[in-house]
Each structure stands twice: as C-alpha cells, then as structure tokens.
Amino acid sequence: MQLKFILVCLVFIQLIISCKTDDQITIETEDYSLSYPSNLELVEVDGVEFLLFTELKSGNDDFIENLNLMVQDVTTLNLSLQDYVELSEGQIASVGGELMESKLVEEDDGTQYQRVIYTSRADNKDLKYLQHYYLVNHKAYVLTFTAAESEFASYAHDMELIMDTFEVH
C-alpha cells in the first residue's frame, strides 16, 4: 500500500514539474512587484516603469502585444480611486475610445483596483486594452495590457495572470 502511495506521489510531482512551461522573472522595487514569464522581453522606455513585449506570432504580425506600468503622483489632486477612474474614463472617451467594462475588484487581502477594458484606434490599428488602476499612498499605478483587437482574446488570459501578480508595497 505504501509503495502504491509513493508511486502516485511521484507521478503527481512529475506532472507538476512538467506543467511548468516558463521560468518566472520578478520585477521588485521599493513600491511594487510583478512576476512574468521569461519569454517576454523587458524593455526600458522613458515615461513608463517597465514595458514587457510578447514575441511576434509571424512575419505578418504588425503589432507587438505588450504590458506596461505607469505611475503617477496624484498627491496634489487629492483623488479617490473612484475620482481617478472617472478622470480616466473621460480621457478614454475624449480620444474616441469605447469603454467595454469597468468594475471595482476587491481582493481577499482588501486591495482594491479598477479593472477597465476598452477599445480605440491608434496609428491606423484597432487596439484593445485591459487596465488595472490602483491608488495607493497618493500614487496612481496603471497597469496596461495592449493588443491588436483581433489578437486580444488569444493573449488576455495569460496577461491577466501576470497582472494578478502585481502588488503595491
């Protein structure tokens, strides 16, 4: 009986190990952390905390899906998360974007963020965005996944799993 149990455990452990497809890399700063698979390319760009690029799917792929983080000091604006959401949704509308979803998410640890999905046209491309807005210690953290609208569904699940690793310290 013990041998059977040991064999079942070994098979289970092997399954867990074989399901791991990518090594994880963690971005850790004084203010936040985020983990992502090693197949994404980290690029430093002025104006954003980080930018993670996916790989091109083919030679015909004309847009590289990406995930980025912007941090904005809103101390002087004295905004609540709801105020920030209303301003952001107004900006989306002002550039011709179409808001598809906006909802408040509260995690088990009490962390709150706004989950926003919208579409817009930029550089003659139809794009779709998934954003998480956090407002912590007078800073707005805007985590954004951007995709060609036609490719959004094929990336959204994996990107949201990455976004779910984001923590503000």
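Please refer to the structure higher up on the page.
Novice: Before we go on, may I ask you to explain helix α3 (residues 152-163) in this structure?
Specialist: Each full turn of the α-helix corresponds to 3.6 residues, which orients residues three or four apart in the same direction. When α3 is considered as a whole, its buried residues turn out to be Phe152, Tyr155, Ala156, Met159, Glu160, Ile162 and Met163. The buried residues of α3 all sit within an arc of 145 degrees when viewed along its axis, so they share a single face. For α3, the secondary structure elements touched by its buried residues are β2 (32-37), β5 (66-73), β7 (112-122), β8 (125-136) and β9 (139-148).

Novice: How should the sheet that holds strand β3 (residues 41-43) be read in this particular structure?
Specialist: Sheet strands pair by backbone hydrogen bonding; their relative direction is either parallel or antiparallel. Strand order in the open sheet formed by seven strands is β3-β4-β5-β9-β8-β7-β6, and the pairing between neighbours is antiparallel. Only two strands of the sheet have a single partner each, and these edge strands are β3 and β6 (98-106). Adjacent strand axes in the sheet meet at a mean angle of 20 degrees, parallel and antiparallel pairs treated alike. Here β8 pairs with β9 via ten bridges, running antiparallel. Bridging from a neighbouring strand, Tyr133 pairs with Val142 of β9. Helix α2 (residues 81-94) rests against β5, β6, β7, β8 and β9 of the sheet, and its axis sits at about 165 degrees to β8.

Novice: What exactly am I supposed to notice about a negative patch on the surface here?
Specialist: A grouping of Glu28, Glu106, Asp108, Asp109 and Glu167 is seen on the molecular surface, where their side chains present a negatively charged patch. Residue placement: Asp109 occurs in the loop between β6 and β7.

Novice: Help me understand the sheet that holds strand β1 (residues 24-28) in this model?
Specialist: Spatial strand order, β1-β2-β10: three strands in an open sheet with antiparallel pairing. Of all strands in the sheet, those bounded by a partner on one side alone are β1 and β10 (167-168). Inspection of the sheet shows β1 paired to β2 by five bridges, in the antiparallel sense. Each bridged residue has a counterpart across the sheet, and for Ile25 the counterpart in β2 is Tyr36.

Novice: Please clarify how the pattern of salt bridges should be interpreted in this entry.
Specialist: Side chains that carry opposite charge are capable of pairing whenever their charged atoms lie near each other. A full pass over the atoms with the stated rule returns five salt bridges. A salt bridge links Asp31 to Lys139, with the shortest nitrogen-to-oxygen separation between them at 3.0 Å. Of this pair, Asp31 sits in the loop between β1 and β2 while Lys139 sits in strand β9, placing them 108 residues apart in sequence. Residue classification places Asp31 among the partly exposed residues on the basis of a relative accessible area of 25%. A salt bridge links Arg115 to Glu160, with the nearest nitrogen and oxygen atoms 2.7 Å apart. In this pair, Arg115 sits in strand β7 while Glu160 sits in helix α3, placing the two residues 45 residues apart along the sequence. The network of salt bridges with shared partners includes Glu101, Arg115 and Glu160.

The rules behind each value
- Residues numbered from 1 in each chain as written.
- Predicted model: local features only at pLDDT ≥ 70, side-chain atom pairs only at ≥ 80, totals over all residues.
- Heavy atoms only, no water.
- Buried < 20%, exposed > 50% of the residue type's maximum accessible area, 1.4 Å probe, protein only.
- Helix = DSSP H or I, 4+ residues; strand = E, 2+ residues; numbered from the N terminus.
- Arc of directions from axis to C-beta.
- Contact = heavy atoms within 4.5 Å.
- Pairing = 2+ DSSP bridges.
- Axes fitted to C-alpha atoms, helices over the stretch in contact; angles between N-to-C directions.
- Patch = residues over 30% accessible without salt bridge, like charges linked within 9 Å, V, L, I, M, F, W, Y side chains within 5 Å.
- Areas by Shrake-Rupley, 256 points an atom, 1.4 Å probe, with all protein chains shown as cover.
- Salt bridge = Lys/Arg side-chain N within 4 Å of Asp/Glu carboxyl O.
- Lys, Arg positive; Asp, Glu negative; His and termini not counted.
- Charge placed at Lys NZ, Arg CZ, Asp CG, Glu CD.

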